[in-house]
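Chain and residue survey
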Amino acid sequence: GIMALCNIVIKYPNIPAISLPAATAFQSLSAQPTIAHTMVFEGSVNALGTLLKQSEDLGTMCQSLYALCNLCKQHENHESIVKQDMLPILQQLCNAEDAKVKDLVALAFLLLSLHKNSHKHIVSAGASSSIISLSQSELVSTKCRCAITLCNLSLYDLGVHKMVSEGIIPALVDLMNT
């Protein structure tokens, strides 16, 4: 099942004929809440991270991000997702060229920011500066997702100074003007 799929993905992340169907399977499985929680504990987050870091196939990347977003919908998955080094991968993807990839990254950050226990991890990782950069994307949906995420993160009192130094105030003003 899931472990076999993870092993295949980790072994062949650069072959679209393998990675795309695998990413699509992850996306389908993760859409089912009862399976999604199990996926997190059976290595799916690491497998998705491998796909997002190593695949150059746009379809694989998008399906992997959809799967990650499905996993992020459940608050109980957030800690595991953060601890499995997904934040640096998302931060790197903020610089992607494709607008759809950026929009899905913004959605992943938004979903993670909905749970206050994730705020510390997101801010400590320096992800707020990546989200600020992402907020300058051309898609309105990406801008809105970033605005909501930044507002959610601003509720983390211990991170306010860091976010202010990273430029959250001008970013939010710019977002209000768009």
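Model, not experiment: these values are computed from the prediction. The residue numbering used here restarts from 1 in each chain and proceeds along that chain's sequence as written. pLDDT decides what is reported in this predicted model: residues at 70 or higher carry local features, side-chain atom pairs at 80 or more are listed and counted, and totals for whole chains, interfaces and linings draw on all residues regardless. Only hydrogens and water are removed before side-chain values are computed, so all heavy atoms of the structure are retained for them.

**Quick word on the overall build of the protein chain**
Within the protein chain, the regular secondary structure consists of 13 helices and zero strands. Segments assigned H or I by DSSP are reported as helices when at least four residues long, segments assigned E as strands when at least two residues long, and all are numbered from the N terminus. Reading the protein chain from its N end, one meets helices and strands in the order α-α-α-α-α-α-α-α-α-α-α-α-α. Each radius of gyration is computed over the set of C-alpha atoms, and the globule rule expresses the reference value as 2.2 Å times the number of residues to the power 0.38. Its C-alpha atoms give the protein chain a radius of gyration of 16 Å, within 12% of the compact-globule value 16 Å for 178 residues. Its C-alpha atoms put the protein chain at 45 × 30 × 20 Å along the principal axes. Burial classification: accessible surface area is computed with a 1.4 Å probe over protein chains only, and a residue below 20% of its type maximum counts as buried, one above 50% as exposed, and the rest as partly exposed. For the protein chain, with 178 residues in total, the buried portion stands at 51%. In the protein chain, once contacts between residues fewer than 6 apart in sequence are set aside, the share between residues at least 24 apart is 68%. For the protein chain, the distance from the average site of its 11 positive side-chain charges to the average site of its 13 negative ones is 4 Å. Between two residues, a contact is recorded if the distance between any of their heavy atoms is within 4.5 Å. In this tally, Lys and Arg are treated as positive and Asp and Glu as negative; His is ignored, and so are the chain termini. Note that the charge is assigned to NZ on lysines, CZ on arginines, CG on aspartates and CD on glutamates.

**Things to note about the environment of Ser-19**
Relative to the helices and strands, Ser-19 is located in helix 2 (residues 16-30). Overall, Ser-19 belongs to the buried group, its relative accessible area being 1%. In this structure, the C-alpha to C-alpha distance between Ser-19 and Leu-111, residues 92 residues apart in sequence, is 25 Å. What Ser-19 contacts, discounting residues up to four positions off in sequence, is Tyr-12, Pro-13, Leu-51, Ser-55 and Thr-60. Two N or O atoms form a polar contact when they lie within 3.5 Å of each other; inside protein one atom must be a possible hydrogen donor and the other a possible acceptor, and for residues adjacent in sequence the pair counts only when both atoms belong to side chains. Side chain to side chain, Ser-19 and Thr-60 meet in a polar contact 2.9 Å long.

**Here's the deal with the state of the cysteines**
Criterion for a disulfide: a pair of cysteine sulfur atoms at a distance within 2.5 Å. For the coordinates displayed, the defined rule picks out zero disulfides. We note that Cys-94 lacks a disulfide partner, and the nearest cysteine sulfur, in Cys-146, lies 7.1 Å from it. Among the cysteines around Cys-144, which has no disulfide bond, Cys-146 carries the closest sulfur, lying 9.4 Å off.

**Some remarks on the nonpolar core**
Throughout, nonpolar core names a set of buried Ala, Val, Leu, Ile, Met, Phe, Trp, Tyr and Cys residues whose side chains join them through atoms within 4.5 Å. Of all hydrophobic cores here, the largest spans 57 residues; its most connected members are Phe-26, Met-86, Leu-90 and Val-105. For this core, the element with the most residues is helix 8 (residues 99-113), which contributes 10 residues. If near-sequence neighbours (up to four positions away) are discounted, Met-86 is found in contact with Val-45, Leu-48, Gly-49, Leu-52, Leu-68 and Ile-81.

**A look at unusual backbone geometry**
In this structure, Asp-85 is a non-glycine residue whose phi angle is positive, near 60°. Structurally, Asp-85 is set in the loop between helix 6 (75-83) and helix 7 (86-93). With relative accessibility at 52%, the residue Asp-85 sits in the exposed group.

**Here's the deal with the side chain of Thr-60**
Within the fold, Thr-60 resides in helix 5 (residues 58-72). When residues no more than four places from it in sequence are discounted, the contact partners of Thr-60 are Ser-19, Leu-20, Ala-23, Leu-51 and Ser-55.

**Brief notes about the packing of helix 10 (residues 127-134) against helix 11 (residues 140-153)**
Angle between the axes and distance between the axes: these two values describe a pair of packed helices. To obtain an axis, a line is fitted to C-alpha atoms, over the contacting stretch when the element is a helix, and the angle between two such axes runs from 0 to 180 degrees between their N-to-C directions. For the pair helix 10 and helix 11, the least separation of the axes is 9 Å and the interaxial angle reads 150°. In terms of orientation, helix 10 and helix 11 fall into the roughly antiparallel class. Crossing angle aside, the handedness with which helix 10 passes helix 11 is left-handed. Within the contact between the two elements, helix 10 uses Ser-128, Ile-131, Ile-132 and Leu-134 and helix 11 uses Thr-142, Cys-146, Thr-149, Leu-150 and Leu-153. Note that Gly is not counted as nonpolar here; it falls among the polar residues with everything else outside the nonpolar set of Ala, Val, Leu, Ile, Met, Phe, Trp, Tyr, Cys and Pro and the charged set of Asp, Glu, Lys and Arg. Classifying every residue of the contact of helix 10 with helix 11 gives six nonpolar, three polar and no charged. Roughly parallel means an angle under 35 degrees; roughly antiparallel means over 145; roughly perpendicular covers 65 to 115; every other angle is labelled oblique. Here is the rule for handedness: rotate from the far helix to the near one, and if that takes an anticlockwise turn smaller than a right angle the crossing is left-handed, while a clockwise turn gives right-handed.

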